[in-house]
Structure formats: structure tokens, C-alpha cells
Amino acid sequence: RMMLEIASERVADLVPDEAAYAKAYAALPLWRRRKCDAQRFAAGRIRSAAAGVLLGRLCAARGLDFARLEVLEDNFGKPRFETVPDIHFSLSHARDRVMAVVSDRPVGCDVESVRKLTPGLAELCLTAEELARLATLPEGAERQREFCRLWVRKESVVKATGTGFSVDPSSFSVLGPRFPQGLR
């Protein structure tokens, strides 16, 4: 039986102000503090810290001391816990949301804000089948939400496989309930 823990929260509920950021930052492991420090803008640093707080909660629920966990990254940047190789995780943050997933199998997650669809973007990253599905929807918000749903699934898949976007997102479909063939 698969172990899967998923958490998503508003950034402001985890790190509501500068004092909370300083406290959260100080409690993060070094690898996560470096991720925060790499963010150019304060909002990015706060989102990164909030994602760390959320991951810390999931780890604590599994009896792991998050502050002591070190992370290694593979050649594509997929992180893994150095001393707990049977626990996998994925993080995502966008605007006012953060998401964390912990599992006993490789996992990926993504959270995005729905925004106006850039002309030509769908054709670059969706399969013919996915484009056909998108074309059945009226222009506007409904189509934008569906594109975002497809995109989130694609990004989650490439995070789970550890390939990142070294794999062309238009080369696999995320329609249907099964993991895309050839990407395991």
C-alpha cells in the first residue's frame, strides 16, 4: 500500500509577516535556507520558506527530524533526502499557495495560478489529443483553467520521474488515470 501525504496552504497562513519569516527561516535546514536565499525577491523567499515549513510538518508527522535532514540533488535537480532514501518529496509554490507531498515512491507536485493563456504556448507543450480537448472548450476562463490543469499534471509527472523538462512536455499525454507510458 502506497504512503502519500499531501498538504497545500496559503503562504500567509504559514508565514504571515517578517517576524514569522525570520522564525521559519531559522528553523529550516541549511539546504532549504539556501533555496530561500537564492530567491531574488522577498515574496519568493517567503514562499520558499513556507514550502519548507509545510514539508517540515509532513516530515514531523512521519517521525522525521526535518531540521536534520540533508538533501542531495540528482543531475536534473530532483531532490531526495540523503539519509532517508525511502521517503520521497516534492514542493511547489506559486503566488499565494504552497504545496508539499511526501511519499514512499517517487512523487511530483505542482501548484499554479490560473492566468491568461499565452498564444502558442499550448501548441508547444500539449499533445494533439490534449490540444483537441482544449479546443472543445470556449475561449476564456474555462480554457485557461483546463490548460492549467493539464500543465500542473505535466509538471508533476516530470518532477516525479526526475527528468524535469529535459523531456518535451508535448511528447506525453496526461489525459487519463494512468501514469504516462515511457516516463517511469
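Keep in mind the model is a prediction, meaning the values are calculated, not measured.

### What to know about the sheet that holds strand 1 (residues 4-10)
- Pairing is antiparallel across the open sheet formed by 3 strands, whose spatial order is 1-5-4. Each end of this open sheet is capped by a strand with a single partner; those strands are strand 1 and strand 4 (88-94). Along the sheet, successive strands turn relative to each other by an average axial angle of 10°, direction set aside.
- Alignment of strand 1 against strand 5 (residues 97-103), held across 7 bridges, turns out to be antiparallel.

### Focus on helix 7 (residues 141-161)
- The end-to-end C-alpha separation of helix 7 is 30 Å, in line with the 30 Å expected for 21 residues at 1.5 Å each.
- Of the residues trailing helix 7, glycine 162 is marked for its positive phi of about 85°.

### Some points on the packing of aromatic side chains
- Applying the stated rule across the entire model yields 5 aromatic pairs.
- For the pair tryptophan 31 and phenylalanine 66, a centre-to-centre distance of 6.1 Å together with 80° between the ring planes defines the contact as edge-to-face. Linking tryptophan 31 in helix 3 (residues 30-37) with phenylalanine 66 in the loop between helix 4 (42-61) and strand 2 (71-73), this pair joins segments that are 35 residues apart in sequence.
- In this structure tryptophan 31 comes out as buried when scored by relative accessible area, which is 10%.
- Cluster of aromatic residues (ring-pair linked, three or more members): Trp31, Phe66, Phe81 and Phe89.

### A short note on the nonpolar core
- By size, the foremost hydrophobic cluster in this structure holds 31 residues, and its most contacted members are Leu55, Phe81 and Phe89.
- Mapped onto this core, the elements with two or more residues apiece are helix 1 (11-14), helix 2 (18-27), helix 3, helix 4, strand 4 and strand 5.
- A per-element tally of this core places helix 4 first, with 9 residues.
- If we ignore the near neighbours within four places in the chain, the residues touching phenylalanine 81 are Trp31, Leu55, Cys59, Leu69, Glu70, Val71, Ile87 and Phe89.
- By size, the runner-up hydrophobic cluster in this structure holds 13 residues, among which are Cys125, Leu134, Leu150 and Val167.

### Brief notes about the environment of arginine 97
- Turning to its location among the elements, arginine 97 is positioned in strand 5.
- The exposure class of arginine 97 is partly exposed, given its relative accessible area of 29%.
- In sequence terms arginine 97 and valine 107 are 10 residues apart; their C-alpha atoms lie 19 Å from each other.
- Beyond its immediate sequence surroundings of up to four residues, arginine 97 is in contact with Ser8, Glu9, Arg10, Val11, Ser92 and Val111.
- Side-chain polar atoms of arginine 97 contact the side chain of serine 8, separated by 3.1 Å.

### Thoughts on the packing of helix 2 against helix 3
- One can describe the packing of helix 2 onto helix 3 by two numbers: an axis separation of 8 Å at closest approach and a directional angle of 135°. When the interaxial angle is binned, helix 2 and helix 3 end up oblique. Only Arg33, Cys36 and Asp37 of helix 3 make contact with helix 2, whose side of the interface consists of Tyr21, Tyr25 and Ala26.
- Among the residues forming the contact of helix 2 with helix 3, the class breakdown is 4 nonpolar, no polar and 2 charged.

### Observations concerning the packing of helix 3 against helix 4
- Packing of helix 3 against helix 4 leaves a shortest axis separation of 8 Å and a crossing angle of 155°. The orientation of helix 3 relative to helix 4 falls into the category roughly antiparallel. In this structure, helix 3 meets helix 4 at a crossing whose hand is right-handed. For the pair formed by helix 3 and helix 4, the contact residues are Trp31, Arg32, Lys35 and Cys36 on the first element and Arg45, Ser48, Ala49, Ala51, Gly52 and Leu55 on the second.
- Residue composition of the contact of helix 3 with helix 4, by class: 5 nonpolar, 2 polar and 3 charged.

The rules we used
In every chain, residue numbers begin from 1 and rise along the written sequence. pLDDT decides what is reported in this predicted model: residues at 70 or higher carry local features, side-chain atom pairs at 80 or more are listed and counted, and totals for whole chains, interfaces and linings draw on all residues regardless. Values reported for side chains reflect all heavy atoms of the structure, with hydrogen atoms and water molecules removed beforehand. One requirement defines pairing of two strands: DSSP has to find at least two bridges between them. In this text, helices come from DSSP runs of H or I with a minimum length of four residues, and strands from runs of E with a minimum of two, each type numbered from the N-terminal end. Each axis is a line fitted through C-alpha atoms, and for a helix only the stretch in contact is used; angles between axes span 0 to 180 degrees, taken between their N-to-C directions. Given a helix with a known number of residues, its expected span is that number minus one, times 1.5 Å. Only Phe, Tyr and Trp rings are paired, with Trp represented by its six-membered ring, and only when their centres lie within 6.5 Å; those with planes under 30 degrees apart are stacked, over 60 edge-to-face, the remainder tilted. Using a 1.4 Å probe on the protein chains alone, a residue whose accessible area is under 20% of its type maximum counts as buried, one over 50% counts as exposed, and one in between counts as partly exposed. Buried Ala, Val, Leu, Ile, Met, Phe, Trp, Tyr and Cys residues form a nonpolar core when they are joined through side-chain atoms within 4.5 Å. By definition in these notes, contact holds between two residues if any of their heavy atoms fall within 4.5 Å. The term polar contact refers here to a pair of N or O atoms within 3.5 Å; inside protein, the definition further demands a hydrogen-donor-capable atom paired with an acceptor-capable atom, and it admits residues adjacent in sequence only when both atoms are side-chain atoms. Relative orientations are named as follows: roughly parallel for angles under 35 degrees, roughly antiparallel for angles over 145 degrees, roughly perpendicular for angles from 65 to 115 degrees, and oblique for any other angle. Basically, the charged four are Asp, Glu, Lys and Arg, the nonpolar ten are Ala, Val, Leu, Ile, Met, Phe, Trp, Tyr, Cys and Pro, and anything else, Gly included, counts as polar. Left-handed describes a crossing whose near helix is turned anticlockwise from the far helix by less than a right angle; the clockwise case is right-handed.

Scope: geometric values only; no functional claims are made or implied.
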